[in-house]
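Structural features, examined
Below, each chain spelled out in residue letters.
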Amino acid sequence: ETIYRDYIYVTLGSPGLQKHFQEYSLEVCSFLKFDKQNLTVDIGSNDGTLLSFFKQQGYKVLGIEPSIKAANSANENDIETLAEFFDIDLANTIVNQYGKASLITINNLFANIDNLNEFTKGINVLLDSNGVLVIESSYLLDMIDNMVFDFIYHEHLSYFSILPLVRFFKQFDIELIHVHEVGTKGGSLRYYWAKTNSDWKPSLNVKELTLREVKEEINAEKFKDYGARIDSLKFKLLEFLEKNKKSKIVGYGASATSTTLITHFELQKYFSYLVDDNIDKVNTYSPGHHIPVYDIDFLKKDMPNVIIILAWRFKAEIL
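Described below are features of the structure shown in this document. Because the structure is predicted, anything quoted here is derived from the model rather than measured. (Residues numbered from 1 in each chain as written. Predicted model: local features only at pLDDT ≥ 70, side-chain atom pairs only at ≥ 80, totals over all residues. Heavy atoms only, no water.)

**Re the overall build of the protein chain**
In terms of regular secondary structure, the protein chain is built from twelve helices and eleven strands. If one aligns the C-alpha atoms of the protein chain with their principal axes, the spans along those axes are about 65 × 50 × 30 Å. Across the 319 residues in the protein chain, those meeting the buried criterion constitute 49%. When contacts within the protein chain are restricted to residue pairs at least 6 apart in sequence, long-range pairs at least 24 apart make up 67% of them. Total accessible area on the protein chain is roughly 16,000 Å²; 53% of this is exposed by carbon and sulfur atoms. Averaging the locations of the 33 positively and 43 negatively charged side chains of the protein chain gives two centres separated by 5 Å. (Helix = DSSP H or I, 4+ residues; strand = E, 2+ residues; numbered from the N terminus. Buried < 20%, exposed > 50% of the residue type's maximum accessible area, 1.4 Å probe, protein only. Contact = heavy atoms within 4.5 Å. Areas by Shrake-Rupley, 256 points an atom, 1.4 Å probe, with all protein chains shown as cover. Lys, Arg positive; Asp, Glu negative; His and termini not counted. Charge placed at Lys NZ, Arg CZ, Asp CG, Glu CD.)

**Brief notes about the sheet that holds strand E2 (residues 60-64)**
Adjacent strands of a sheet form backbone hydrogen bonds with each other and so pair up, either parallel or antiparallel. Strand order in the open sheet made by the seven strands is E3-E2-E1-E4-E5-E7-E6, with mixed pairing throughout. Taken across any chain shown, the strands that pair with only one partner, and hence form the sheet edges, are strand E3 (81-82) and strand E6 (174-182). Relative to strand E7 (residues 188-195), E6 is paired through eight bridges, and the arrangement is antiparallel. Its bridge partner lying in E7, Val-179 is registered against Tyr-191. (Pairing = 2+ DSSP bridges.)

**Thoughts on the pattern of salt bridges**
Under the defined criterion, the tally for this structure stands at 15 salt bridges. Where Lys-248 meets Asp-302, a salt bridge forms, and the shortest distance between an N and an O atom there is 3.1 Å. Note that Lys-248 is positioned in the loop between helix H9 (220-243) and strand E8 (249-252) and Asp-302 in helix H11 (residues 298-302), a separation of 54 residues in sequence. Its relative accessible area of 33% is what places Lys-248 among the partly exposed residues. Because the salt bridges share partners, they merge into one network encompassing Glu-27, Glu-136 and Arg-190. (Salt bridge = Lys/Arg side-chain N within 4 Å of Asp/Glu carboxyl O.)

**Remarks on the side chain of Thr-120**
One can find Thr-120 in helix H5 (residues 116-126). Look at Thr-120 and you get buried, because its relative accessible area is 0%. Not counting the four nearest positions on each side in its chain, Thr-120 is found in contact with Phe-110, Phe-168, Phe-169, Phe-172 and Ile-174.

**Description of the packing of helix H1 (residues 17-32) against helix H2 (residues 49-56)**
Two elements in contact, H1 and H2, have axes separated by 9 Å at closest approach and are oriented at 45°. Here H2 runs oblique to H1, going by the angle between their axes. Seen along the crossing, H1 lies across H2 with a hand that is right-handed. Residues Gln-18, Phe-21, Gln-22, Tyr-24, Ser-25, Val-28 and Cys-29 of H1 touch H2, and the partners they reach there are Thr-49, Leu-50, Phe-53 and Phe-54. Here the residues of the contact of H1 with H2 sort into seven nonpolar, four polar and no charged. (Axes fitted to C-alpha atoms, helices over the stretch in contact; angles between N-to-C directions. Parallel < 35°, antiparallel > 145°, perpendicular 65-115°, else oblique. Left-handed = near helix turned anticlockwise from the far one by under 90°. Nonpolar A, V, L, I, M, F, W, Y, C, P; charged D, E, K, R; others polar.)

**Details of the environment of Lys-201**
Inspection of the secondary structure assignment puts Lys-201 in the loop between E7 and helix H8 (204-216). You can call Lys-201 exposed: its relative accessible area is 60%. In sequence terms Lys-201 and Thr-81 are 120 residues apart; their C-alpha atoms lie 32 Å from each other.

This is the structure in structure tokens:
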């Protein structure tokens with residue numbers, strides 16, 4: 001309730017996500033080949049961007065989104081959306097009113113759920129016997145390899161890899177049938193799941209990616225090395241900022257990942273202000289450190305000496 005009712009993030013605010021979700025819908029439809037009259041439900045549907053692409057292809061869609069602002073935006077764009085948190089009760093309500101879902105999509109949300117057991121019981125109620133659940137979430141191995149440590153913050157309660165997820169879903173009689181590697185969020189996996197008594201059978205890449213994960217050995221030593229690499233980056237950046245501390249230094253990006261970077265690297269004292277192209281962030285202050293956030297056009301007026309790109313995954317677009 002505290003985080004998500006008044007949630008200002010919108011899918012369209014992230015560069016490249018619209019194209020990503022368009023390609024996502026085409027891939028899923030190509031893989032599943034479902035009847036278009038069957039119900040597609042997106043849990044955590046935000047402003048309805050993904051569902052809009054399914055709808056364009058003629059699919060019957062329903063969004064579930066607790067953020068009042070995002071849900072209203074989706075409804076205004078004719079993407080039917082329930083402004084609710086998903087649970088077993090809501091799953092039963094949907095089944096009674098709309099029928100079972102042939103496809104359930106959950107994108108960058110499953111890692112944010114506190115009570116995964118109750119949530120997954122709801123999915124089991126909603127999912128048709130031959131239906132497919134598609135979960136896209138950042139991948140722990142990619143997070144480590146690509147140094148995406150700034151995704152470790154308050155909303156993200158879990159950091160997934162294949163083996164623990166397979167073990168988790170087994171207790172609900174749900175099995176992994178396909179995995180697709182995607183580049184979003186510094187490296188993610190798109191997991192396809194189905195009920196164990198369904199007609200679906202696991203594709204070859206499930207075995208291939210599982211064996212790769214076993215070989216990589218995600219253990220304590222791997223995390224110690226990860227921590228050491230993060231500390232090394234912090235030292236190099238602080239060394240640079242100390243040499244330039246008499247210059248005007250600003251940060252580009254005021255997202256949750258930016259806040260994580262600023263806090264963990266102790267950058268707050270160096271920044272005169274931050275800039276962001278999300279109008280909902282402009283004229284606010286960063287959490288904890290209260291650094292003012294301005295529109296990116298302010299850079300042209302102020303002409304700072306140094307700009308640190310905190311939204312570093314979008315470096316190419318920003319440059």
